[in-house]
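Listed below are the residues making up each chain.
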Amino acid sequence: MIDIQGAALMEAVPRRLDPAVEVDELRKEFRRSDGKRRRGERRMRVALDSVSFTMEKGETVAILGQNGSGKSTLVRLLSTLLLPDGGTARILGHDVVTDGRAVRHLVNRVSVEASFFKRMSAAENLGYAARYYGMTSKETRDKIPAILERVGFPSDRRDEPMQNLSRGMQQKVALARALLTSPVVLLLDEPTTGLDPRSKLEVQEFIREIRTTHDSTILLCTHDLAEAETLAERIGILDRGRLLALEPVEDLKRRYGAKTLEEAFFAATGREFEAEGDEDDDREVFA
Amino acid sequence: MKALGTTLRAELVGAGGVVERNFYLTKRYIWWDLAWFFWTVANTLTIVFIAQGIEATGGDIDVNTVATSLLIGAVVWAYLGVLFEFLMETVAWERWEGTIEYTFMAPLSRAMHLAGQGVFAISYGLLRAVFLFTACFLFFDLSTPDANFLAAFIVLAIASISFIGIGVMTSVLPLISPEKGTQLGFVAQGTLLVVSGVYYPVEVLPTWMQWIAKFSPATYALEGAREAILDGAPLSAMWDEIWPLLIIGAVSIPLGLWVFSRGELYAKKHGKLKRSG
């Protein structure tokens, strides 16, 4: 259940009747270097193009799209790491731009990369991260071992540096970190990409468990069709920044006259389901 | 009122989290820290030996006074280097480890995030400065019978507030441009080194550099520390050094936070708040 950490989060209390996630005409563009143009010249690339959808509390929605389709941009906008160029996004009624602090109390995220201080242990990484959410060491003393046990992390490896752990183990710690703060909305950005089959199944099983035991709303961005089909109640198809559809899987198949989700995806986008350039490449991160 | 108190408590816990994280990192990289400390000691000894070298080549100087003055300069500069490094690494380190997005999406205010970073940097830097000064002082068997070490320590602590303010301003540079930002940070640090009279009196500088020196907190920290250690000046006699430090601190801290917030907005607008490692 929602376990809000103290009255500091009072400002982030969900407002009655507000959807968990409410996205309206959300738009994001990035300037992109273009080799054909003269040095210093940039052109704009639309990463998200007037995307609108809502998610009810407790709902799991999968956003399906190829690399570069805008999935990560959507997650980063909802977690207040990006500012939109147009439209609005609200988490339980709180605007991600004007009420970012309240949103940050309500949201947490697991991304494709295991993002930890690699020399520090799982327990140390979870400990300091919990403080950022106002949780004291007294509060996390029992909670961290319990949550690590819940994600199937061996207790005898709790104090081992993260760099010694497998990708699968690191991803379990990432899930534990996200759940430790009891987020009302959990953003999963390709949480199983790059994992071995066994770790992938374990992480997917844990996401299922969160759905049934935790009162979180889950937005799962993935390019794994089977993962989307088995974990989500509704599936959205995001292509070149545009949300083409968002429906239960059977409705999607029916709409596009497809037998499988892959066929539906192909019919919707007119393209095969294959990798292309990473959307992150378009940002001037290394400018 | 109760909500405000609880929010403040959560913020302080968050700032404590930054200190806790840096403590864990220092513990995990302890051999690097020791190696770095050894290098700093060697570098400081080399600088202090210059006093003996001048005398050995026929220079007519008070070796004890010049050596102590050089030692103070080297220790204060090493301390300043630690503060700047910690603050510049606020963004660069997290970008490299990949934790930057998680830190910036946490509900901890940026002021308390940077305060936590500053508190650890000051604590770690002062401890290191005390060890460095003691080691080199004993090595050269320097004599400062009138030294007021407590006053020197307090001046350095007051100066730290200004150093943190300037450090926060430079720490935003890697946020705007990951590579060039770090380079510009070194340029800012180098400018302070030249103009602040670390190893020589500010009066030997060209007039325009002396003018810049007036805005460097290191100038006043060094003057105060030298007065306290070489002349035994009490804190009450160092008001000429303390008030500029307080003014620079009062301006640089809010200015630094404002600059950082503008940089963060820019990074969020252009998608630069992202890992690079």
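Numbers given to residues run from 1 along each chain, matching the order in which its sequence is written. Just so you know, chain letters begin at A and ligand numbers begin at 1, following the order they were written in. Residue-level local features of this predicted model are given only where pLDDT is at least 70; pairs of side-chain atoms are given and counted only at 80 or more, and the full residue set underlies all totals for whole chains, interfaces and linings. Only hydrogens and water are set aside; all other atoms, that is, all heavy atoms of the structure, feed into the side-chain values.

1. Side note on the overall build of chain A
Secondary structure follows DSSP: runs of H or I at least 4 residues long count as helices, runs of E at least 2 residues long count as strands, and numbering of each begins at the N terminus. Within chain A one finds nine helices and 10 strands. Across the 287 residues in chain A, those meeting the buried criterion constitute 57%. Contacts are residue-level and defined by heavy atoms, with any inter-residue pair within 4.5 Å sufficient. Contacts in chain A between residues far apart in sequence, at least 24 positions, make up 70% of those at least 6 positions apart. Surface exposure here means Shrake-Rupley accessible area, sampled with a 1.4 Å probe, where a residue is shielded only by the protein chains that are shown. For chain A, the exposed area adds up to about 11900 Å²; of that, 46% sits on carbon and sulfur atoms. Categorising residues by exposure relies on relative accessible area from a 1.4 Å probe, with only protein chains included: less than 20% of the type maximum marks a residue as buried, more than 50% marks it as exposed, and the intermediate range marks it as partly exposed.

2. Here we look at the packing of aromatic side chains
Given two aromatic rings, their pairing is described by the distance between the two centres and the angle made by the two planes. Between the rings of Phe, Tyr and Trp (Trp by its six-membered ring), a pair exists once the centres lie within 6.5 Å; its type follows the angle of the planes, with under 30 degrees stacked, over 60 edge-to-face, and the other angles tilted. Applying the stated criterion across every chain, the model contains 16 aromatic pairs over all chains. Between F117(A) and W93(B), the ring centres sit 6.3 Å apart and the planes meet at 90°, which makes this aromatic pair edge-to-face. Taken together, the positions of F117(A) in the loop between β6 (107-110) and α3 (122-131) and W93(B) in helix α3 (residues 63-97) put the pair across two chains. Among the residues examined, F117(A) registers a relative accessible area of 1% and is labelled buried. Ring centres of F104(B) and F260(B) lie 6.4 Å apart, and the angle between their planes is 15°; this geometry places the pair in the stacked category. Taken together, the positions of F104(B) in helix α4 (residues 100-104) and F260(B) in helix α11 (residues 239-270) put the pair 156 residues apart, joining distant regions of the chain. In this structure F260(B) comes out as buried when scored by relative accessible area, which is 0%. Cation placement over rings: the criterion is NZ of Lys or CZ of Arg within 6 Å of the ring centroid and within 35° of the ring normal. Sitting above the plane of the F116(A) ring, R177(A) keeps its charged end 4.1 Å from the centroid. Its guanidinium or amino end placed over the ring of W36(B), R128(B) lies 4.1 Å from that ring's centre, counting from NZ or CZ.

3. Looking at the environment of A267(A)
Mapped onto the fold, A267(A) is located in helix α9 (residues 261-269). Sequence-wise, A267(A) and G257(A) are 10 residues apart; in three dimensions their C-alpha atoms are separated by 8.5 Å.

4. Focus on unusual backbone geometry
All names here are of chain A. Even without glycine at this site, T80 takes up a positive phi of about 65°. Within the secondary structure layout, T80 lies in the loop between α1 (71-78) and β4 (86-91). Assessed through its relative accessible area of 3%, T80 is described here as buried. At S182, a position not held by glycine, the phi torsion is positive, near 45°. Along the chain, the position of S182 falls in the loop between α5 (167-180) and β7 (185-189). On the basis of relative accessibility, which here comes to 7%, the residue S182 falls in the buried class.

5. A closer look at the pattern of salt bridges
A pairing counts as a salt bridge when a side-chain nitrogen of Lys or Arg comes within 4 Å of a carboxyl oxygen of Asp or Glu. Following the criterion strictly, the structure yields 27 salt bridges over all chains and no others. A salt bridge links K28(A) to D85(A); its shortest N-O distance comes to 3.8 Å. Placement of K28(A) in strand β1 (residues 21-33) and of D85(A) in the loop between α1 and β4 is noted, with a sequence separation of 57 residues between them. With a shortest N-O distance of 2.2 Å, R76(A) and E101(B) are connected by a salt bridge. Taken together, the residues span two chains, with R76(A) in helix α1 and E101(B) in helix α4. Residue R76(A) is classed as buried on the basis of its relative accessible area of 2%.

6. Topic: the environment of D99(A)
Residues and elements named next belong to chain A. Within the fold, D99 resides in the loop between β5 (94-95) and α2 (100-106). For D99, a relative accessible area of 23% puts it in the partly exposed group. Spatially, the C-alpha atom of D99 lies 35 Å from that of G152, the residues being 53 residues apart in sequence.

7. As for empty space enclosed by the protein
Put plainly, a pocket is an open set of points on a 1 Å grid over the protein atoms alone with protein on both sides within 12 Å along at least five of seven lines, a cavity is a set where a 1.4 Å probe fits but cannot get out, and a lining residue has an atom within 4 Å of a point. Grid points are joined across faces, edges and corners, and a volume is the space filled by probe spheres set on the points. Tallied over the entire structure, the rule returns three cavities of 30 Å³ or more. The calculated volume of the largest cavity comes to roughly 100 Å³. Forming the boundary of the largest cavity are N108(A), Y128(A), A129(A), Y132(A), Y133(A), R177(A), T181(A), Y102(B), T103(B), M105(B) and A106(B). Among the secondary structure elements, those contributing two or more residues to the lining of the largest cavity are α3 of chain A together with α4 of chain B. Of the residues in the lining of the largest cavity, the class split is seven nonpolar, three polar and one charged. The residue classification treats Ala, Val, Leu, Ile, Met, Phe, Trp, Tyr, Cys and Pro as nonpolar and Asp, Glu, Lys and Arg as charged. All others, Gly included, are polar.

8. Some points on helix α10 (residues 217-230) of chain B
All names here are of chain B. For a helix, the expected span equals 1.5 Å multiplied by the number of residues minus one. Here α10 is 14 residues long and its end C-alpha atoms lie 20 Å apart, about the 20 Å a rise of 1.5 Å per residue gives. Counted residue by residue, α10 has 11 buried out of 14 residues, so it is predominantly covered. All of the buried residues along α10 are P217, A218, T219, Y220, A221, L222, G224, A225, R226, A228 and I229. Just downstream of α10, G232 is the residue with a positive phi angle, here 70°.

9. Focus on the sheet that holds β7(A)
Residues and elements named next belong to chain A. Strand pairing follows a simple DSSP-based rule, namely that at least 2 bridges must link the two strands. Read from one edge to the other, the open sheet built from six strands follows the order β6-β7-β8-β3-β9-β10, with strand pairing classed as mixed. The strands lining the two open edges of the sheet, one partner per strand, are β6 and β10 (242-247). The mean angle between the axes of side-by-side strands here comes to 20°, regardless of whether they run parallel or antiparallel. Note on method: axes are straight lines fitted to C-alpha atoms, helices fitted across the in-contact stretch only, with angles between N-to-C directions ranging 0 to 180 degrees. Strands β3 (60-64), β6, β7, β8 (217-222) and β9 (234-239) of the sheet are contacted by α1, whose axis makes an angle of about 150° with β8. Most of the contacts of α5 go to β6, to which it runs at about 180°, and overall it touches β6 and β7.

10. A short note on the packing of helix α1 (residues 2-28) of chain B against helix α5 (residues 110-140) of chain B
Residues and elements named next belong to chain B. Contact pair α1 / α5: the axes reach a minimum separation of 8 Å and the direction vectors enclose 45°. Put simply, α1 runs oblique to α5. The hand of the α1/α5 crossing is right-handed. Residues E11, L12, A15, V18, V19, R21, N22, F23 and T26 of α1 touch α5, and the partners they reach there are M112, H113, G116, Q117, V119, F120 and Y124. A breakdown of the residues in the contact of α1 with α5 according to their chemical character gives nine nonpolar, five polar and two charged. Every angle not falling under 35 degrees, over 145, or within 65 to 115 is termed oblique; those three ranges are roughly parallel, roughly antiparallel and roughly perpendicular. Helix crossings are classified by the rotation of the near helix relative to the far one: an anticlockwise turn of less than a right angle makes the crossing left-handed, while a clockwise turn makes it right-handed.

11. Here's the deal with the pairing of β4(A)
Residues and elements named next belong to chain A. Here two bridges tie β4 to β5, and the two strands are oriented antiparallel to one another. Note on β5: the bridge partner recorded for I91 is H94. The turn linking β4 back onto β5 is made up of two residues, and L92 within it adopts a positive phi angle of 45°.

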